[in-house]
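# A structural walkthrough
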Amino acid sequence: MAEECTHNCSTCSSDCASRKAPQYDKPNEKSKIGKIIGVVSGKGGVGKSMVTSLLAVALNRKGYRVGILDADITGPSIPKAFGLKGGIEGDESGLFPARTPGGIDVISLNLLLPDEKSPVIWRGPVIAGTVKQFYTDVIWDNIDYLLIDCPPGTGDVPLTVFQSFKVDGVVIVSSPQELVSMIVAKAANMANMMNIPVLGLVENMSFVRCPDCGKEIRIFGESHIEQVAAEFGFPLLAKMPIDPALSALVDEGHIEWVEKDPLTEAAESIVAALS
Ligand code: ADP
């Protein structure tokens, strides 16, 4: 890497090694994948899997074929949200993802484990290798949007995803907190270094609405997401409340039954940004 490299190829004129076209993994030869979207967060528990699931449902309802690659290997929560149990099948040409009742294709390590309660005690390279196989060995059949639920932070797996798959854009999920600017900056800088556009921010758990008086209560304090979005020049895709009905749907495995998907407009913005 040249000394004067600014880690941002769009503004830097330095002709360094990182400018060379990246070598992406090839998907399974029977796969057909349109756009790949990474869903990332700075830390765990902010609702990244919830956002991935709701975005998938919103895109599916618009008539697109949607896949979810659950790259959160040690904390997979996608199968539970959609009520999927194990039993992935395959043949000599590859693995067939599970299909939700609504028609979303899902691959997750939990679907391959004999018992979903088994802990995954694997070292980083093995985990990263598994995520790669979810791309190279799984048959993604005519998928318009493949959503990748990345583990939190900027570790091995998000790096593998960004370096190995041709990701078209990332959605950054955060919750209202003082550190949000730094957390968004870390995720944004990582995407920037890989030359991947940030499609926008989703603030989750922004408030809870009092069921009696309808007042918005800001449990985690005032939101700064508008300023952060303006500071980085990213669209603010949605501000999602804490909604007990959503967590109940996840717990029951019926996230596809959500009546009013809070990410419907966000999905429209993403489709527009990627077309
Ligand atoms: P992450 O993927 O960032 O670790 P999850 O999506 O698994 O986070 O969410 C953590 C927990 O919070 C889950 O039990 C999920 O159902 C719940 N949750 C997330 N977002 C909301 C929300 N907006 N309203 C209610 N519960 C939520």
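Refer to the preceding data block for the structure.
Just so it is clear, the model here is predicted, and its values are computed rather than measured. (Residues numbered from 1 in each chain as written. Predicted model: local features only at pLDDT ≥ 70, side-chain atom pairs only at ≥ 80, totals over all residues. Heavy atoms only, no water.)

Summing up its helical and strand segments, the protein chain has eight helices and 12 strands in all. Considered along the principal axes of its C-alpha atoms, the protein chain spans approximately 60 × 50 × 35 Å. Per-residue burial over the protein chain gives 49% buried out of 275 residues. In the protein chain, 77% of the contacts between residues at least 6 apart in sequence involve partners at least 24 apart. Just so you have it, the protein chain exposes about 13500 Å², and 53% of that area is on carbon and sulfur atoms. (Helix = DSSP H or I, 4+ residues; strand = E, 2+ residues; numbered from the N terminus. Buried < 20%, exposed > 50% of the residue type's maximum accessible area, 1.4 Å probe, protein only. Contact = heavy atoms within 4.5 Å. Areas by Shrake-Rupley, 256 points an atom, 1.4 Å probe, with all protein chains shown as cover.)

As a packed pair, helix α1 (residues 48-61) and helix α8 (residues 264-274) sit with axes 9 Å apart at the nearest point and diverge in direction by 70 degrees. Considered as vectors, α1 and α8 are oriented roughly perpendicular to each other. Packed against α1, whose contacting residues are Leu-55, Ala-58 and Leu-59, the element α8 presents Thr-264, Ala-266, Ala-267, Ile-270 and Val-271 at the interface. Considered class by class, the residues forming the contact of α1 with α8 number seven nonpolar, one polar and no charged. (Axes fitted to C-alpha atoms, helices over the stretch in contact; angles between N-to-C directions. Parallel < 35°, antiparallel > 145°, perpendicular 65-115°, else oblique. Nonpolar A, V, L, I, M, F, W, Y, C, P; charged D, E, K, R; others polar.)

Throughout the structure, instances matching the rule amount to 11 salt bridges. Measuring nitrogen to oxygen at the nearest pair gives 3.0 Å for the salt bridge that ties Arg-65 to Asp-105. Here Arg-65 is found in the loop between α1 and β2 (66-70), whereas its partner Asp-105 is found in strand β6 (residues 105-107), with 40 residues between them in sequence. Since its relative accessible area comes to 2%, Asp-105 is described here as buried. For Lys-239, the salt bridge identified is with Glu-226, shortest N-O distance 3.3 Å. With Lys-239 in strand β12 (residues 236-239) and Glu-226 in helix α6 (residues 225-232), this residue pair connects regions lying 13 residues apart in the sequence. The network of salt bridges with common partners includes Arg-209, Glu-216, Arg-218 and Glu-222. (Salt bridge = Lys/Arg side-chain N within 4 Å of Asp/Glu carboxyl O.)

On to the sheet that holds β2. Spatial ordering of the open sheet is given by β5-β6-β2-β7-β1-β8-β9-β12, a layout of eight strands whose pairing is mixed. Of all the strands in the sheet, the pair left with one neighbour each is β5 (98-99) and β12. Here strand β1 (residues 33-41) runs beside strand β7 (residues 143-149); their pairing, made up of six bridges, is parallel. When the sheet's bridge partners are listed, Gly-38 is paired in β7 with Ile-148. Seen against the sheet, helix α3 (residues 124-136) touches β1, β2, β6 and β7 and runs at an angle of roughly 160 degrees to β2. Helix α5 (residues 180-193) rests against β1, β8 (169-174) and β9 (198-203) of the sheet, and its axis sits at about 165 degrees to β8. (Pairing = 2+ DSSP bridges.)

Neighbouring the ligand are 16 residues, the closest being Gly-45, Lys-48, Met-50, Asn-204 and Asp-243. Asp-243 is positioned such that a nitrogen or oxygen atom in its backbone is 2.9 Å from a nitrogen atom of the ligand. Considered on its own, the ligand offers 560 Å² of accessible surface; in the complex 78% of this is hidden by protein. Every element with two or more residues in the shell around the ligand is listed here: α1 and α7 (244-252). In terms of residues, the shell around the ligand owes the most to one element, α1, which gives three residues. (Near = heavy atom within 4 Å. Polar contact = N/O pair within 3.5 Å; in protein donor to acceptor, adjacent residues only side chain to side chain.)

It is worth spelling out the nonpolar core at this point. Grouped together as the largest cluster of nonpolar side chains are 82 residues, with contacts concentrated most on Leu-69 and Val-161. Here this core gets eight residues from one element, more than from any other, and that element is α1. (Core = buried A, V, L, I, M, F, W, Y, C linked by side-chain atoms within 4.5 Å.)

On to the pairing of β1, then. Summarising the sheet, β1 and β8 pair through five bridges and their orientation is parallel. Of the residues in β8, the one forming a bridge with Val-39 is Val-171.

Backbone phi values are negative for most residues with the exception of glycine, while trans is the configuration of most peptide bonds. Residues other than glycine seldom take positive phi values, yet Asn-142 does so here, at roughly 55 degrees. Structurally, Asn-142 can be placed in the loop between α3 and β7. A positive phi angle is found at Asn-195, which is not glycine, with a value near 60 degrees. Positionally, Asn-195 belongs in the loop between α5 and β9. Residue class for Asn-195 comes out partly exposed when judged on its relative accessible area of 45%.

Between α3 and helix α4 (residues 156-164), the shortest axis-to-axis distance is 9 Å and the interhelical angle comes to 35 degrees. As for how α3 packs across α4, the hand of that crossing is right-handed. Contact with α3, carried on its side by Gly-124, Pro-125, Ile-127, Ala-128, Val-131, Lys-132 and Tyr-135, involves Asp-156, Val-157, Thr-160, Val-161 and Ser-164 of α4 and no other residues of that element. Looking at side-chain class alone, the contact of α3 with α4 contains seven nonpolar, three polar and two charged residues. (Left-handed = near helix turned anticlockwise from the far one by under 90°.)

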